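Commentary on secondary and tertiary structure
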Amino acid sequence: MKIPRFLLAIALCLLAANLIAEDTGFPLHMVSGQVVAPIPGQMAIAAYISLENRSGETVTLAGASTEAAGHASLHRTESVDGMNRMQSVESIVIEEGELLEMKAGGLHLMLMEPDFQMLSSDSIELSIELLDGRTQTFQLPLVSIRDMPNHSSH
Ligand SMILES: [Cu+2]
C-alpha cells in the first residue's frame, strides 16, 4: 500500500507533537493530587498535590493557577496557641529527591472564588508555577469533603 506523502507528513507532525507534549522538561512529578469539591456558598476550597523532585536540581515552587477559581495560592495551616491558622506561603524549596506532600492541616493550595460550574465536574486542570517561570498543568480529581482524612477543609 502506498501512503500519500502529505498524509505521512501529517502523521510525523502529530507524532512529534506528542513527543514534545510528553517531555515538557518540568522537573516535578505528581504523585497524587485532589481538590475538595465546594459546598454551595463556599468562598474558598483546598487542593492538595504531592510533587516529587527527581530532576537532579533544586526546584522552587512559587504558585498555582486554575480556571476553576478566581485566585489560587500556596497556604500553610499552623497551630498557634491551640488555634489553627492559615498563612499564605510565598515559595517552597523542593530539594532533589524530596517529596513535597500537601495535606489537610499542613501545606495546601487555597482556591478562592471557586467556579461552582467547573467544580461540579470530575476533575479540573491546575497549573503549578516555579520561581523560574516554568509551569506544568495537572489534572486533579474532585473529592467530597467526607472522603478527606480529617474532614477539614484546609
Ligand atoms: Cu488555606
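The following refers to the structure shown. (Residues numbered from 1 in each chain as written. Predicted model: local features only at pLDDT ≥ 70, side-chain atom pairs only at ≥ 80, totals over all residues.)

Okay, the overall build of the protein chain next. In terms of helices and strands, the protein chain carries one helix and 10 strands. Reading the protein chain from its N terminus to its C terminus gives the helix and strand order α-β-β-β-β-β-β-β-β-β-β. Looking at the protein chain residue by residue over its 154 residues, the buried ones come to 23%. For the protein chain, long-range pairs separated by at least 24 residues make up 68% of all intrachain contacts whose partners lie at least 6 apart in sequence. (Helix = DSSP H or I, 4+ residues; strand = E, 2+ residues; numbered from the N terminus. Buried ≥ 20, exposed ≤ 12 C-beta atoms within 10 Å, placed from the backbone. Contact = placed C-beta atoms within 7 Å.)

Side chains of nonpolar character tend, in soluble globular proteins, to be buried together. V35, A46, A47, I49, L109, L111 and L140 are the most contacted members of the largest nonpolar core, which totals 28 residues. Taken together, the elements giving at least two residues each to this core come down to β1 (28-36), β2 (44-53), β3 (59-65), β4 (69-80), β8 (107-114), β9 (123-130) and β10 (135-143). Tallying contributions element by element places β2 first for this core, with six residues. Residues contacting L111, with those up to four places away along its chain left out, are A44, I45, A47, T66, A68, A69 and A72. (Core = buried A, V, L, I, M, F, W, Y, C linked by C-beta atoms within 7 Å.)

Across four bridges, β2 lies against β8 in antiparallel orientation. From the neighbouring strand, A44 faces β8, where its bridge partner is M112. Inspection of the sheet shows β4 paired to β8 by seven bridges, in the antiparallel sense. Looking at β8, one finds that H75 is bridged to H108. (Pairing = 2+ DSSP bridges.)

Before going further, it helps to examine the environment of A62. Along the chain, the position of A62 falls in strand β3. The exposure class of A62 is partly exposed, given the 18 C-beta atoms found within 10 Å. When the C-alpha positions of A62 and E129 are compared, they lie 5.6 Å apart, and in sequence the two are 67 residues distant. Setting aside chain neighbours within four positions, we find A62 in contact with S91, E129, L130 and L131.

Examined bridge by bridge, β1 and β2 share seven bridges and lie antiparallel to one another. Paired with M30 across the bridge in β2 is L51.

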